[in-house]
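Coordinates in review
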Amino acid sequence: MKHSTRRTFEKYGVLSAPLVWTFIFLFVPYILLFTYSFYIKQFPTFTPAFQFGNYAQIIADSQYYQVIFRSAWIAGCVALSALFLAYPFAYFLVFKVRSARVRMILYMAVIVPLWVSYLLRAYTWKTILGNEGILNSFLVWAGIFAEPSDLFLYNKFSMILTLTYIFIPFTVMPIYTALEKIPRNLTEASHDLGVGPLQTFWNVILPLSMPGVIAGMTFTFCLASGDFVAPMLVGGPDGFMIANLMTSQFGAAMNWPLGSALAMIMLVVVLTIISLSDKFQRAGRVELG
Amino acid sequence: MEIGRASVLESISHRFGNGFLLTASMSVLAFLYLPIAVLIIFSFNDSRILSLPFRGFTWKWYEALLNNADLQTAIWNSFYVGICATFLTLLIGIPAAFALDRFNFPGKTMFRRFVLLPLALPGVITGISMMNMFRAMGIQLSLETVILGHATALVSVVATQVFARLQRLNRSFEEASADLGARPWQTFCYVTIPNIRSAIIGSALISFTLSFDEIPVTFFLTGRDNTLPMYIWSTLRRGITPEINAVGTIILVVSLVLIVLSVWLIQHDDQKR
């Protein structure tokens, strides 16, 4: 066989399984979602149509777009809080811990909580923050409060707290990787030039770690906005997010076209965020030789 | 003298900075482990209610687990789904990584976008879109549809890890193998695969772990059989007993043992090479 023919044969042989899979299980479902989003809800299910009514309903009806904004706001707060907690930890591991063994142990220590069921960890926050929970018990015992407070659970605070808790490990990982890659000769050169540690951080380390920061925050924002477990456990009425809205459209509300329209909106938004984030990451990448 | 003052100031701010970093890092770890400590402690608490005060040490919740047939079925289902899904992700993800690393073909960028999408896309979308498709095709939801859903969501894990490893692979090994007369499939089996073995095993483990605790995709694609997360979910809605805490603690301990084992194995493997 000619080499180029064999090469082509090889190429499409290797490609066939993933291509077919991607087509059947990713492409087709998204097309279906797109199609359904134009249908009309009609008892008991829905009829084919081509109309923008579902999208119009989402934009016009405040009960829908409020949920979308709330989800984005909560996800943004979560991404920021996770960043403020994860970055110092990653920085400490990479630059301050001398022993490679201790560094690995501490790194694993952040990853290990991911192995405990997400549901259980979120639920445990509910027991910690609740009226009979540990936090309230401690505050009453310490005399800070006269009686247990309602303030800690079933609101945006508990949502952001729980979601930040879940996403800290996911934020630490890319930042740690990015910080590790920074060549030490750059920080040493900065020090040799007489620049203090704070300035070195601001001018050298922070910019070079940006790709990791952006990756972590994008991941956290996208996944936090689409979460439906935390809202159900600790959210209360204030914490109703897009994913819960979507779930109810496919469940009790039996409004699949509307649910599909919501899903399409989320799909497009996430795709846009990922593309933008990619561009920022590449722009921030410095040629390190 | 100015130089002396500057260096004293510097060393104070240096110490302060280090102190801040140490405190911040330890606080983060404490924050991360607080719920886990609570989980473990209450699994031994002799009380149905998950709140203080602590009423006494007991193994009874662990004993109840042994009698809980539903839970055991759910765990078994999770293993079944996890193993099959991981197998599928390897079958699809490894060729996908090779295709992205070595070949150019029309639609490559779109293919890459699609493959990577489920990683950052909330699982609800993957779950809803696949549920739509199965319903439209008249396929009953079952553990098998869950397997297909997990495989789709997790292919990107394997593909990215293997791809990253392939990028770092030294092509001269493969060229040398070809120069020495090996056929392409021999080179693949004896040269390429062993070198990316760590990426394959690592991503398979991550894939299995993610599948075991997977919630959104499973929620939409599950039929009558429950996986472990679905069982826990239904228990949470109905009324919780500390049996759940016992489950969580056991999962944690098993995972710790597995991690320590795998780290030891990797180090041992490295030393042998």
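Residues numbered from 1 in each chain as written. Chains lettered and ligands numbered in written order. Predicted model: local features only at pLDDT ≥ 70, side-chain atom pairs only at ≥ 80, totals over all residues.

What to know about the overall build of chain B
The condition that has to hold: What counts as a helix is a DSSP run of H or I of at least four residues, what counts as a strand is a run of E of at least two, and both are numbered from the N terminus. The size measure is the radius of gyration over C-alpha atoms, and the globule rule it meets is 2.2 Å times the number of residues to the 0.38 power. With C-beta atoms placed from the backbone, the exposure class of a residue follows from how many other C-beta atoms lie within 10 Å of its own: 20 or more, buried; 12 or fewer, exposed; in between, partly exposed. It is the C-beta atoms, placed from the backbone, that decide contacts: two residues are in contact if theirs lie within 7 Å.
Across its full length, chain B holds 11 helices and zero strands. Taken from the N to the C terminus, the helices and strands of chain B come in the order α-α-α-α-α-α-α-α-α-α-α. In terms of overall size, chain B is more extended than a compact globule, its C-alpha atoms giving a radius of gyration of 25 Å where 273 residues would be expected to give roughly 19 Å. The dimensions of chain B, computed from C-alpha atoms along their principal axes, are 85 × 70 × 40 Å. Residues counted as buried form 37% of the 273 residues belonging to chain B. Considering only intrachain contacts with a sequence separation of at least 6, the fraction spanning at least 24 residues in chain B is 80%.

Remarks on the overall build of chain A
When helices and strands are counted, chain A shows 12 helices and two strands. By the compact-globule yardstick of 19 Å for 289 residues, chain A is too spread out, its C-alpha radius of gyration being 24 Å. C-alpha extents for chain A along the principal axes are approximately 85 × 70 × 35 Å. Sequence separation of at least 24 residues holds for 70% of the intrachain contacts in chain A that already meet a minimum separation of 6.

With respect to the interface of chain A and chain B
Under the convention used in this document: By the convention adopted, Pro, Cys, Tyr, Trp, Phe, Met, Ile, Leu, Val and Ala count as nonpolar, Lys, Arg, Asp and Glu as charged, and the other residues, Gly among them, as polar.
Taken residue by residue, the interface counts 66 residues in chain A and 59 residues in chain B. Partitioning the side of chain A that touches chain B into residue classes produces 50 nonpolar, 11 polar and five charged.

Brief notes about the domain arrangement of chain B
Residue and element names in this part refer to chain B. Definition in use: Note that domain bounds follow an automatic or database assignment of domains.
Assigned domains of chain B: these are domain 1 (1-43) and domain 2 (60-272). The centre of domain 1, based on its C-alpha atoms, is set 36 Å off from the matching centre of domain 2. Taken residue by residue, the interface counts five residues in domain 1 and seven residues in domain 2. Residue composition of the side of domain 1 that touches domain 2, grouped by class: four nonpolar, one polar and no charged.

A word on the packing of helix α4 (residues 108-120) of chain B against helix α6 (residues 143-168) of chain B
Residues and elements named next belong to chain B. What counts here: Lines fitted to C-alpha atoms define the axes, with helix axes restricted to the stretch in contact, and inter-axis angles between N-to-C directions lie between 0 and 180 degrees. Angle categories: roughly parallel below 35 degrees, roughly antiparallel above 145, roughly perpendicular from 65 to 115, and oblique for all the rest.
α6 packs onto α4 with a crossing angle of 105° between their chain directions and a minimal axis gap of 7 Å. Taken together, the axis directions place α4 and α6 in an arrangement best described as roughly perpendicular. Residues V115, L116, P118 and L119 of α4 pack against T152, A153, V155, S156 and A159 of α6. Partitioning the contact of α4 with α6 into residue classes produces seven nonpolar, two polar and no charged.

Observations regarding the packing of helix α7 (residues 171-179) of chain B against helix α8 (residues 184-212) of chain B
All names here are of chain B. To keep it simple, the criterion reads: Helix crossings fall into two classes, left-handed where the near helix is turned counterclockwise from the far one by less than a right angle and right-handed where it is turned clockwise.
For the pair α7 and α8, the least separation of the axes is 10 Å and the interaxial angle reads 165°. Considering the angle they form, α7 stands roughly antiparallel to α8. You can see that α7 and α8 cross each other, and the crossing is right-handed. Judged by residue contacts, F173, E174, S177 and A178 of α7 engage T187, V191, T192 and N195 from α8. Among the residues making up the contact of α7 with α8, the classes are represented as three nonpolar, four polar and one charged.

Observations concerning the nonpolar core
Just so we agree on the cut-off: A set of buried Ala, Val, Leu, Ile, Met, Phe, Trp, Tyr and Cys residues, joined through C-beta atoms within 7 Å, is what we mean by a nonpolar core.
Within the largest apolar cluster, 140 residues are counted, with the highest numbers of intra-cluster contacts made by V78(A), A86(A), A90(A), I168(A), V172(A), I175(A) and M246(A). The element best represented in this core is helix α3 (residues 62-96) of chain A, accounting for 15 residues. A domain split of this core shows at least three residues from each of domain 1 (1-43) and domain 2 (60-272) of chain B. Ignoring any residue separated from it by four or fewer positions in sequence, one finds A86(A) in contact with I168(A), T171(A), V172(A), I175(A) and G216(A).

Some remarks on the confidence of the model for chain B
In low-pLDDT regions, the fine details of the predicted coordinates are not to be read closely. All names here are of chain B. Basically, it comes down to this: As a per-residue measure, pLDDT reflects the predictor's confidence and takes values from 0 up to 100.
Confidence along chain B averages 83 in pLDDT terms, with 93% of residues attaining 70 or more. At the low end of the mean pLDDT range in chain B sits helix α11 (residues 243-272), at 77; at the high end sits helix α9 (residues 216-221), at 92. Predicted complex, confidence summary: ipTM 0.82, pTM 0.86.

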